[in-house]
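# Analysis of the macromolecular model
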Amino acid sequence: MTQLLAGSAAFVLVAVLWLLGRRPSKTLLRSTDAGSVAAINRAQLGLVQSDDSALPESSLDATAEISEAAPAPLFSRPVGTAARLALTKELCRAMDQGGPDERLLAVERAGLWGHRSVLSVLRRGLRDSDRRVVLAAAAGLERQRGATRPSPSQQARPPRNVARMR
């Protein structure tokens, strides 16, 4: 008898809630329109850009003096295996542990060098979060595009069906 009483009470409760329309009022996604999110993002970008333009001119002069005082170091290609390995390790370390400026410098140096051993640094630069690093990596990889060239010391083998005449 108690089972019948509990079952009927549950049925009455469900029926009353259904009749009163007590369904969850909030839906998870009301609309897939992203216009409001885009408007918020544009407003926030406008605030950030206006904050950058509101810097005092003395700080702008200080950054100009720093860039004039420290010219970019010239890149010289490494000579020898030890120097090549050291430069490769240095570029990888800059990509792993450096900030955006260090990563940009590492990608630019790898692009200027253009050796096969730094292609991984350039590929990692393509996936970087800083836009300048991505553009520098793309420019560095552009030089590497095209057919691979055999080394000058390697001679092409004749076809297998050709008799060797020596």
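Everything in this summary refers to the structure shown in the same document. Keep in mind that what you see is a predicted model, and the values were worked out from it rather than measured.

### Some remarks on the side chain of R103
The topology assignment puts R103 in helix α5 (residues 100–113). The exposure class of R103 is buried, given its relative accessible area of 14%. Polar contacts involving the side chain of R103 include one to the main-chain carbonyl oxygen of G98, which spans 3.3 Å. Apart from residues lying up to four places away in sequence, R103 is in contact with A94, M95, G98, D128, S129, D130 and V133.

### A look at the nonpolar core
Ranked by internal contacts, the top residues of the largest apolar core, which has 17 residues, are L91, V107, A110 and L122. By residue number, the principal contributor to this core is α5, which donates five residues. Setting aside chain neighbours within four positions, we find A110 in contact with L91, V118, V121 and L122.

### Structural notes on a nonpolar patch on the surface
On the surface, F11, V12, V16 and L20 cluster together into a nonpolar patch covering about 420 Å² of accessible area. The topology assignment puts V12 in helix α1 (residues 2–20). What makes V12 partly exposed here is its relative accessible area of 49%.

Cut-off values and rules
Residues numbered from 1 in each chain as written. Predicted model: local features only at pLDDT ≥ 70, side-chain atom pairs only at ≥ 80, totals over all residues. Heavy atoms only, no water. Helix = DSSP H or I, 4+ residues; strand = E, 2+ residues; numbered from the N terminus. Buried < 20%, exposed > 50% of the residue type's maximum accessible area, 1.4 Å probe, protein only. Polar contact = N/O pair within 3.5 Å; in protein donor to acceptor, adjacent residues only side chain to side chain. Contact = heavy atoms within 4.5 Å. Core = buried A, V, L, I, M, F, W, Y, C linked by side-chain atoms within 4.5 Å. Patch = residues over 30% accessible without salt bridge, like charges linked within 9 Å, V, L, I, M, F, W, Y side chains within 5 Å. Areas by Shrake-Rupley, 256 points an atom, 1.4 Å probe, with all protein chains shown as cover. Salt bridge = Lys/Arg side-chain N within 4 Å of Asp/Glu carboxyl O.

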